[in-house]
Amino acid sequence: MSALLKVSDLRVEYRGQPIVDGVDLALERGEAMGLAGESGCGKTTTALALMKLLPPALKQSGAVTLRPPGVEEPINVGRRTEAGMRRVRWRHVSLVFQGAMNSLDPVQRVDAQIAEAIRLHESAGAKEVRARIDELLTTVGLTPALGRRYAHQLSGGQRQRMMIALALACRPSLVIADEPTTALDVTIQAQVLQLLESLRERLGLALILISHDLGVLAETCDRIAIMYAGRIVETGPVSSVFEAPQHPYTKRLLDSLPVIGGPRALGDPIPGGPPDPGEMPEGCRFRPRCPYAADRCLSDPALRETSAGHASACHFAPWSEWPAAAGAGSLEAG
Ligand SMILES: Nc1ncnc2c1ncn2[C@@H]1O[C@H](COP(=O)(O)OP(=O)(O)OP(=O)(O)O)[C@@H](O)[C@H]1O
Ligand SMILES: [Mg+2]
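Residues numbered from 1 in each chain as written. Chains lettered and ligands numbered in written order. Predicted model: local features only at pLDDT ≥ 70, side-chain atom pairs only at ≥ 80, totals over all residues. Heavy atoms only, no water.

A. Structural detail: the site of ligand 1. In the vicinity of ligand 1 there are 14 residues, among which Ser-39, Gly-40, Lys-43, Thr-44 and Thr-45 approach most closely. One of the side-chain N or O atoms of Ser-39 is found 2.5 Å from an oxygen atom in ligand 1. Interatomic distance of 3.1 Å between a backbone N/O atom of Gly-42 and an oxygen atom of ligand 1. In the complex, 67% of the free accessible area of ligand 1, which totals 630 Å², lies under the protein chains. When residues of the shell around ligand 1 are assigned to their parent elements, the largest contribution, 3 residues, is made by helix α1 (residues 43-50). Partitioning the shell around ligand 1 into residue classes produces 6 nonpolar, 6 polar and 2 charged. (Near = heavy atom within 4 Å. Polar contact = N/O pair within 3.5 Å; in protein donor to acceptor, adjacent residues only side chain to side chain. Areas by Shrake-Rupley, 256 points an atom, 1.4 Å probe, with all protein chains shown as cover. Helix = DSSP H or I, 4+ residues; strand = E, 2+ residues; numbered from the N terminus. Nonpolar A, V, L, I, M, F, W, Y, C, P; charged D, E, K, R; others polar.)

B. Region of the structure containing the packing of helix α3 (residues 110-121) against helix α5 (residues 156-168). Interaxial distance between α3 and α5 falls to 9 Å at its minimum, and their mutual angle equals 20 degrees. It follows that α3 is roughly parallel to α5 by the angle criterion. At the point where α3 passes α5, the crossing takes the right-handed sense. Contacts from Val-110, Gln-113, Ile-114 and Ala-117 of α3 reach α5 at Met-162, Ala-165 and Leu-166. Partitioning the contact of α3 with α5 into residue classes produces 6 nonpolar, 1 polar and no charged. (Axes fitted to C-alpha atoms, helices over the stretch in contact; angles between N-to-C directions. Parallel < 35°, antiparallel > 145°, perpendicular 65-115°, else oblique. Left-handed = near helix turned anticlockwise from the far one by under 90°. Contact = heavy atoms within 4.5 Å.)

C. Looking closely at empty space enclosed by the protein. The tally for this structure, following the rule as stated, stands at 2 cavities of 30 Å³ or more. Size it by volume and the largest cavity reaches roughly 80 Å³. If you trace the largest cavity, you find it lined by His-247, Pro-248, Cys-284, Arg-287, Cys-290, Tyr-292, Ala-293, Cys-297, Cys-314, His-315 and Phe-316. Among the residues making up the lining of the largest cavity, the classes are represented as 8 nonpolar, 2 polar and 1 charged. One number sums up the size of the second largest cavity: a volume of about 30 Å³. Lining of the second largest cavity is provided by Leu-5, Leu-50, Val-64, Leu-66, Val-77, Val-93, Leu-174 and Ile-176. (1 Å grid on protein atoms, 1.4 Å probe; cavity = no way out; pocket = protein on both sides within 12 Å on 5 of 7 lines; lining within 4 Å. Points joined across faces, edges and corners; volume = space filled by probe spheres on them.)

D. Main features of unusual backbone geometry. A cis amide bond, omega 0 degrees, links Ala-317 with the succeeding residue Pro-318. Relative to the helices and strands, Pro-318 is located in the loop between β12 (310-312) and α10 (330-333). Positioned with a positive phi, Lys-52 is a non-glycine residue whose angle comes to about 55 degrees. Tracing the sequence through the fold places Lys-52 in the loop between α1 and β4 (58-66). According to the relative accessible area criterion, Lys-52 is partly exposed, its value standing at 23%. Despite not being glycine, Trp-90 has its phi angle at roughly 70 degrees, a positive value. Inspection of the secondary structure assignment puts Trp-90 in the loop between α2 (82-86) and β6 (93-96). Residue Trp-90 is classed as partly exposed on the basis of its relative accessible area, which comes to 25%. (Buried < 20%, exposed > 50% of the residue type's maximum accessible area, 1.4 Å probe, protein only.)

E. Spotlight on the side chain of Arg-223. Position of Arg-223 relative to the elements: it lies in strand β9 (residues 223-228). At 2.4 Å, the side chain of Arg-223 forms a polar contact with the backbone oxygen of Ala-26. Once you skip the residues sitting within four places of it in the chain, Arg-223 turns out to touch Ala-26, Leu-27, Glu-31, Ala-32, Met-33, Gly-34, Thr-235, Gly-236, Pro-237 and Val-238.

F. Molecular detail of the sheet that holds strand β11 (residues 304-307). One open sheet holds the 8 strands; their spatial order is β6-β7-β8-β3-β9-β10-β12-β11, and the pairing between them is mixed. Looking at which strands have only one partner, the edges of the open sheet turn out to be β6 and β11. Averaged over all pairs of adjacent strands, the angle between their axes in this sheet comes to 20 degrees, without regard to strand direction. Contacting β6 and β7 (174-178), α5 crosses the sheet at an angle of about 165 degrees to β6. (Pairing = 2+ DSSP bridges.)

G. Molecular detail of the sheet that holds strand β5 (residues 75-76). The strand order β2-β1-β4-β5 describes an open sheet built from 4 strands, whose pairing is antiparallel. A single partner strand is all that each edge strand has here, and the edge strands are β2 (17-27) and β5. In this structure, strand β1 (residues 5-14) lies alongside β4, joined through 8 bridges in antiparallel fashion. The partner of Val-12 across the bridge, within β4, is Gln-60. Taken strand by strand, α1 contacts β1, β2 and β4, and its axis lies near 115 degrees from that of β1.

Written out as structure tokens, the structure reads:
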């Protein structure tokens, strides 16, 4: 079976500066992939590029191909015109925008907003639309009566469920959810994640879940991709990446997660910050912050497989153990 989504060499530039820089991804039907990385690494930009929803100042290139079940010809997103994309968005792939909870129309009842999304893509009668809305709300764990409310009459968790219902309105085979739980408190966060998981099972939905929180992705995803400065630096099955990370950046992200049952404090944050798109360091982009950096990190590391399905863009991978970090160049000195 060929992949539902295949992305090759996706690039996004802003005034000649790389924001997303050669991203490759593949996703099977019904699969859940997590996309993680610190703020500004290009997660949202990647998601918007997959939908061709970038603002005009951002130029995208590379191949994005969708093969939704029941559609004969693969959909070449990279080459589609805006009119062509309108027939793809929401119908085959939809996006729950970052901060979407607050983007519901305040002066329109939420059921009317869902109805609008359905009618935009299908010629459905009023009765059919009504039935679909009720079904959608039930699917996301809301009572249909809540559809008659306005956004301000809903709680944060209810609004986020509405946004998910909206994303599902035209029965897409892929949903991209950009930080769907970040603004929610922990209990509601868990409920929304459970919802996404059950939707995957019940609807056979593929999911790209974007979060800076690795813990969230570990619970929900089959595979994970770690982004740094516009590139994927590590990708693999969740268990393999969590148990044996193969990139110092991933290792540091994992070390900064709170340990269940361990001391309550957060681990050390990674010192420094990611580079600006205009000032990308030569070679490995994590080099200036990497405790294991050495001379050879001045050349660009390619993403290489270190075990089945697990790849790292670190010259020193595979890492079988993590030596105590010394200064730059320590690995090659000895
Ligand atoms: N419209 C734009 N114009 C210029 N630069 C942009 C634009 N949108 C994003 N960028 C830049 O692209 C980079 C990646 O931004 P992006 O929003 O994709 O990051 P992110 O990983 O989603 O971060 P966060 O975790 O904060 O949501 C940042 O350096 C940002 O400043
Ligand atoms: Mg973002």
